[in-house]
Every structure is written in C-alpha cells, then in structure tokens.
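# What the coordinates show
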Amino acid sequence: MCQLCHNVNHAKILELDVCSNVKKIPKTLINLKSLICDNANIVDIPNTLVNLEDLNCPNTSICMIPDTLINLKYLICDNTNITDIPNTLVNLEELHCPNTSICMIPDTLINLKYLNIVNTWVSSIPDTLIELEWLYFNDTYVSSIPDTLVNLKYLNCANTGVKSIPDTLVNLDTYYYN
Ligand SMILES: [Zn+2]
C-alpha cells in the first residue's frame with residue numbers, strides 16, 4: 001500500500017513512493033518533485049509532471065520519458081522499454097539507463113555528472129558532456145572516448161571496442177577496459 005492507494009490529497013505530495021497495486025500515475029500531480037515507482041505495474045509517466053526532479057522507474061513497462069520533464073535532475077530507468085532520451089532534459093545530472101534499447105545520448109545533456117549506459121545500443125559518447133565524472137558504458141558499441149571529458153574520475157568501458165584512453169583525462173583514478 002502507498003499514498004495513492006490511500007487516496008490522499010494528491011496536490012500536496014512532493015515525494016511519491018508507488019506500490020505495485022498502482023496501475024496509473026494521476027496526471028494531476030503537477031507539484032510532484034520525486035516519483036519512485038520501481039517495479040510498478042505502470043506503462044507511462046504523465047507529461048504534466050513538469051516539476052519532477054527525480055524519476056526512479058526501473059523495471060517497469062514504461063516506453064517513453066515525456067520531453068516536458070525539463071526539470072529532471074535524476075533519471076533512473078534501467079530495464080524498461082525506453083528507446084530515446086529527450087534532448088530537452090538539459091538539467092539532468094544523473095542518467096541510469098542500462099539494459100535498454102537506447103541507441104543515442106543527446107549532446108544537449110551538458111550537466112550530466114553520472115552516465116550509465118551499460119548493455120545498450122549506444123555507439124558514441126557526445127564530446128559536449130564535459131561535466132561527466134562517472135561513465136559506465138561496458139557492453140556497448142562505443143569504440144572511442146572523447147578527449148574533452150577532462151573531469152572523468154571513474155570509467156568502465158570493458159567489453160567494448162575502446163583501445164586507448166585519451167591522455168587529457170588527467171582526473172581519472174579508476175578505470176576498467178578490455
Ligand atoms: Zn499502493
């Protein structure tokens with residue numbers, strides 16, 4: 001049981017932790033800042049949740065992230081049917097989307113500090129992501145690392161085509177590759 005099952009006054013909820021009984025997220029929750037719905041039986045996220053900063057929806061049947069969620073900072077959508085990340089999510093700081101069919105990361109996500117695209121169809125990392133500190137892309141089609149990612153501290157590119165690491169990545173203290 002969760003707050004939605006108890007039918008509380010939705011307008012005042014800032015953080016919502018949804019249980020598996022919930023089949024639909026109400027589109028009236030326009031003040032919601034945080035939505036946690038991992039393993040829920042939901043298939044979509046309403047495009048009206050424009051104040052959302054934190055969306056945690058792994059292991060659901062969601063197939064799209066609305067491009068209206070422009071205040072999102074944290075997006076966790078592992079093991080979903082999502083194939084695209086909207087290029088409007090310019091405030092994103094953390095993106096976790098391993099085990100999806102995503103094939104591209106938009107070059108507009110310039111505030112990303114953490115990116116996990118393990119076991120996706122992605123084949124390149126945009127050279128505009130210069131704030132990145134943690135990057136996980138093992139088991140992808142990526143074969144090179146942009147030399148502009150000078151803030152990287154952690155890198156995992158095992159089981160990819162990467163053959164060398166740019167010597168401009170002077171802050172890198174942990175890395176794994178082939
Ligand atoms: Zn519930």
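These lines cover the structure that appears in this document, whether it is placed above or below.

To continue, consider the overall build of the protein. The helix and strand inventory of the protein stands at zero helices and nine strands. Its helices and strands taken in sequence order, the protein reads β-β-β-β-β-β-β-β-β from the N to the C terminus. Expressed along its principal axes, the backbone C-alpha trace of the protein runs to roughly 55 × 25 × 25 Å. The 178 residues of the protein split such that 30% are buried.

Below, the discussion takes up the environment of I25. Mapped onto the elements, I25 comes out in the loop between strand 1 (15–17) and strand 2 (34–36). Separated by 89 residues in sequence, I25 and Y114 place their C-alpha atoms 27 Å apart. Filtering out sequence-adjacent residues up to four positions away, I25 remains in contact with L35, C37, I42, I45 and P46.

Turning next to unusual backbone geometry. Of note in this structure, N79 is not a glycine but carries a positive phi near 55 degrees. Mapped onto the fold, N79 is located in the loop between strand 4 (74–76) and strand 5 (94–96). Overall, N79 belongs to the partly exposed group, with 16 C-beta atoms counted inside 10 Å. Despite not being glycine, N99 shows a phi value in the positive range, around 60 degrees. Turning to its location among the elements, N99 is positioned in the loop between strand 5 and strand 6 (114–116). By C-beta crowding, N99 is classed as partly exposed, having 17 other C-beta atoms within 10 Å.

Reading the values: the criteria
- All residue numbers refer to position in the chain's written sequence, counted from 1.
- Per-residue local features of the predicted model are confined to residues with pLDDT of at least 70, and side-chain atom pairs are confined, for both listing and counting, to 80 or more; whole-chain, interface and lining totals are unaffected and use all residues.
- Under the scheme used here, helices are H or I runs from DSSP no shorter than 4 residues and strands are E runs no shorter than 2 residues, and both carry numbers assigned from the N terminus.
- Exposure criterion: with C-beta atoms placed from backbone coordinates, a residue whose C-beta has 20 or more other C-beta atoms within 10 Å is buried, one with 12 or fewer is exposed, and one in between is partly exposed.
- Two residues form a contact once the distance between their C-beta atoms, set from the backbone, is within 7 Å.

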